[in-house]
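Single-letter residue listing:
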Amino acid sequence: MTEQLNMQTIDIIVFMVFTLGVVVFGCSFFRKGSTSEDFTHAGRSLPGWVVGMSIFATYVSSISYIGYPGKAFASNWNAFVFSLSIPVASYFAAKFFVPFYRRGGSVSAYSFLEEKFGRWARLYASACYLLTQIARMGSILYLLAVPMYILMGWNLHVVIIATSIAIILYSMLGGLKAVIWADAIQGIILIGGALLCLGILLCSMPEGPLQAFELAANAPDGNKFSLGSFGTDLTTSTFWVCLIYGVFINLQNYGIDQNYVQRYHAAKTDRDARFSALFGGWLFIPVSALFFLIGSALYSYYTAGVAPLPAEIQAKPDYVFPYFIVNGLPVGLRGLLIASIFAAGMSTVSTSVTSAATVVLTDYVKPFARNATERHHVFVLRLSSVVVGVLGIVVAIAMLSVESIIDAWWTLSSIFSGGMLGLFLLGILPRRIGRGAALLGCVAGIAVIAWISLAKLWNLPGLHLHEYLAIVLGTTTIFLVGFLATCLFKSSRLGNKSKDYAN
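For clarity, every value in this text was computed on a predicted model and none was experimentally measured.

J.: Help me understand the overall build of the protein in this model?
T.: Along its length, the protein carries 21 helices and zero strands. Here the protein holds 503 residues, and 58% of them are scored as buried. Counted over contacts in the protein with a minimum sequence separation of 6, partners at least 24 positions apart contribute 85%. When the accessible surface of the protein is totalled, it reaches about 19,200 Å², and 67% of it is carbon and sulfur.

This is the structure we're talking about:
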């Protein structure tokens, strides 16, 4: 890197006050006699707008804050198509998922799968969830470290580890209530920071704000505002591939993601829970557009020659926005923008830590340690928070070599989801699906996901599809194979419906 500027003292103060303030605020929710229920669903005591802001903040991680501008700077708005699929998922959430989980009572998103298909189904879905969350944490922790590396030249490994410790601390001590309230505050800060940054970019253009739109729309490598090709090619990230991926991943998020299910339970009333699902999802759409607009404006800013952009930064799109913050913002605002990036990342990582710890307790400890006391449950939750955080650190360090964090994260989430949405859809069908049929569907779905994931890597024969389609075809395969097997083998073991396979 040709140039690294140290932050001014005032920037460091702004950043440190915010970061330490969040940690102290989260830890303030610690109560010596708190129970596992306080940790996992906040006693069902929170207003809908707070829960909705938390859902929004969970969506807007540092992947959005840095990855989206980097994607728009390097190519176009194709990834924004993902956001356009959210209304479909949020509608189904408010209409069906929220009432379903609030009636069920269990804070685990996967307990009903055990009732439907047996313990294997619950363990399969929860394992997929844990893998996805660890990958997500790693991606976000990496992106939290990037701005500090560019700002101060700090070692990326050190920043990742130190940030993780701070997040784990308040997540472990404060539980879900601390996480949700911190999310709400962080969500407001990150929106303000992004709006401020966009305003500075547009007002810095030599010929006025409209020049930013003109340059981006007429870029030599294509319109920076393009939503991607509308062709039918399934091997690249076309508009349709991205939209279908978004519909499936967002239905999975709202329908069977522990992050969201815990928030449904944390709301005071059913009405609050439904409002939170709609509010959090719809708010993400304009805010994600804001991040893509920042990326397009960054392209115009550097193309117009307002400031130089080193070649090594341009080659690493995820570094462009942090680089602009260092070199393009006045003293004081730099600290605020870095604080808002940390707000985005800390909210999502704390959510993943809390929800993953909840899954470990409800799906892996309680069913096998029925005599454990409440004290043991709280200990498991806190220990799991630490273990999951450490695994996130390992993944974050492994992410240091990736070129685009958006591509890496979306690919991993598509693969690690294991098509568990298909199993969920089988479970909520009015028709009872046989346990053996559901298991057969999962085996077939895993085979399809493995084929899509490894086809390009190992040059396997047959059609090579885009990795984003792993969740689409995996989910569809599990659902169709499970449903058809039940219909075809009604009288056989595959189609049998048993009372309870949980034990």
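From this point, things continue past the structure.
J.: Is there a simple way to explain the packing of aromatic side chains in this structure?
T.: Think of a pair of aromatic rings as described by two things: how far the centres are apart, and how the planes are tilted against each other in angle. Per the stated rule, a full pass over the model turns up 28 aromatic pairs. Between the aromatic rings of Tyr110 and Tyr129, the centroid separation amounts to 6.0 Å while the plane-to-plane angle is 50°, which identifies the pairing as tilted. With a gap of 19 residues between them, Tyr110 in the loop between α6 (86-104) and α7 (111-117) and Tyr129 in helix α8 (residues 119-152) connect regions that are remote in the sequence. Residues Phe239 and Trp240 carry aromatic rings whose centres are separated by 4.9 Å and whose planes lie at 85° to one another, so their mutual orientation is edge-to-face. In this arrangement the basic side chain of Arg119 is found over the ring face of Phe368, its NZ or CZ atom lying 4.8 Å from the centre. Positioned above the aromatic ring of Tyr299, the side-chain terminus of Lys224 is 4.6 Å from the ring centre.

J.: How should I be thinking about the side chain of Ser276 in this particular structure?
T.: Position of Ser276 relative to the elements: it lies in helix α13 (residues 270-303). Discounting residues that sit within four places of it in the chain, Ser276 has contacts with Gly48, Val51, Gly52 and Ile55.

J.: Explain the nonpolar core here, please?
T.: Nonpolar side chains tend toward joint burial in soluble globular proteins. Core analysis: the largest hydrophobic core is formed by 147 residues, its most contacted members being Tyr254 and Phe324. If you tally residues by element for this core, the top one is helix α9 (residues 156-203), at 17 residues. When sequence neighbours within four positions are dropped, the list of residues in contact with Phe324 reads Cys197, Ile200, Leu201, Leu298, Tyr301, Tyr302 and Leu329.

J.: Would you explain the pattern of salt bridges in this entry?
T.: Close approach of charged atoms allows side chains with opposite charge to pair. A complete count under the given rule lists five salt bridges for this structure. Here Arg122 and Asp363 are joined by a salt bridge, their closest N and O atoms 2.6 Å apart. Taken together, the positions of Arg122 in helix α8 and Asp363 in helix α16 (residues 333-365) put the pair 241 residues apart, joining distant regions of the chain. A residue is classified by how much of its surface remains accessible, and Arg122, at 9% relative accessible area, is buried. We note a salt bridge from Lys224 to Asp221, for which the minimum N-O separation is 3.2 Å. Take Asp221: its relative accessible area is 53%, and that puts it in the exposed class.

J.: How should I be thinking about helix α11 (residues 239-256) in this particular structure?
T.: Three or four residues apart is the spacing at which side chains of an α-helix point the same way, because the helix has 3.6 residues per turn. If you check α11, its first and last C-alpha atoms are 25 Å apart, about what 18 residues at 1.5 Å a residue would give, namely 26 Å. Burial analysis of α11 places 14 of its 18 residues in the buried class, which makes it a mostly covered element.

J.: Explain a nonpolar patch on the surface here, please?
T.: Together, Val88, Tyr91, Phe92 and Phe96 line one region of the surface with nonpolar side chains, adding up to about 370 Å² of accessible area. Residue position: Val88 is located in helix α6.

J.: Before we go on, may I ask you to explain the environment of Arg263 in this structure?
T.: Within the secondary structure, Arg263 is located in helix α12 (residues 258-266). Setting aside residues no more than four positions away along its own chain, Arg263 makes contact with Val51, Ser54, Ile55, Thr58, Leu176, Val179, Ile180, Asp183 and Thr351. Of the polar contacts made by the side chain of Arg263, one reaches the backbone oxygen of Asn259; its length is 2.9 Å.

J.: What am I meant to see in the confidence of the model for the protein here?
T.: Atom-level detail of predicted coordinates should not be read off regions where pLDDT is low. On average, residues of the protein carry a pLDDT of 82, and 88% of them reach 70 or more. Overall, residues 1-6 carries pLDDT values under 50, and its contacts beyond four positions in sequence, including any with other chains, amount to 18 contacts. Every residue in residues 498-503 scores below 50 in pLDDT, and together they form 12 contacts with partners more than four places removed in sequence or on other chains.

J.: How do you make sense of the environment of Gly174 when you look at a structure like this?
T.: Locating Gly174 in the fold gives a position in helix α9. Among the residues examined, Gly174 registers a relative accessible area of 10% and is labelled buried. Separated by 149 residues in sequence, Gly174 and Phe25 place their C-alpha atoms 9.0 Å apart.

J.: I would appreciate a short explanation of the packing of helix α19 (residues 420-428) against helix α21 (residues 469-488) in the present structure.
T.: Pairs of packed helices are described in terms of their axes, by the angle between the two and the distance that separates them. At a closest axis distance of 6 Å, the pairing of α19 and α21 adopts a crossing angle of 35°. Crossing handedness for the pair α19 and α21: right-handed. Contact with α19, carried on its side by Leu421, Gly422, Leu423, Leu425 and Leu426, involves Thr475, Ile478, Phe479, Gly482 and Phe483 of α21 and no other residues of that element. Class assignment for the residues of the contact of α19 with α21 results in seven nonpolar, three polar and no charged.

J.: Honestly, the side chain of Gln258 in this entry has me stumped. Any pointers?
T.: Secondary-structure assignment places Gln258 in helix α12. Other than its neighbours up to four places away in sequence, Gln258 contacts Val107, Ser108, Ala109, Tyr110, Tyr129, Ser355, Thr358 and Val359.

What counts and how
Residues numbered from 1 in each chain as written. Predicted model: local features only at pLDDT ≥ 70, side-chain atom pairs only at ≥ 80, totals over all residues. Heavy atoms only, no water. Helix = DSSP H or I, 4+ residues; strand = E, 2+ residues; numbered from the N terminus. Buried < 20%, exposed > 50% of the residue type's maximum accessible area, 1.4 Å probe, protein only. Contact = heavy atoms within 4.5 Å. Areas by Shrake-Rupley, 256 points an atom, 1.4 Å probe, with all protein chains shown as cover. Phe/Tyr/Trp six-rings, centres within 6.5 Å; stacked < 30°, edge-to-face > 60°. Lys NZ or Arg CZ within 6 Å of the ring centre and 35° of its normal. Core = buried A, V, L, I, M, F, W, Y, C linked by side-chain atoms within 4.5 Å. Salt bridge = Lys/Arg side-chain N within 4 Å of Asp/Glu carboxyl O. Expected span 1.5 Å × (residues − 1). Patch = residues over 30% accessible without salt bridge, like charges linked within 9 Å, V, L, I, M, F, W, Y side chains within 5 Å. Polar contact = N/O pair within 3.5 Å; in protein donor to acceptor, adjacent residues only side chain to side chain. pLDDT = per-residue confidence, 0-100. Axes fitted to C-alpha atoms, helices over the stretch in contact; angles between N-to-C directions. Left-handed = near helix turned anticlockwise from the far one by under 90°. Nonpolar A, V, L, I, M, F, W, Y, C, P; charged D, E, K, R; others polar.

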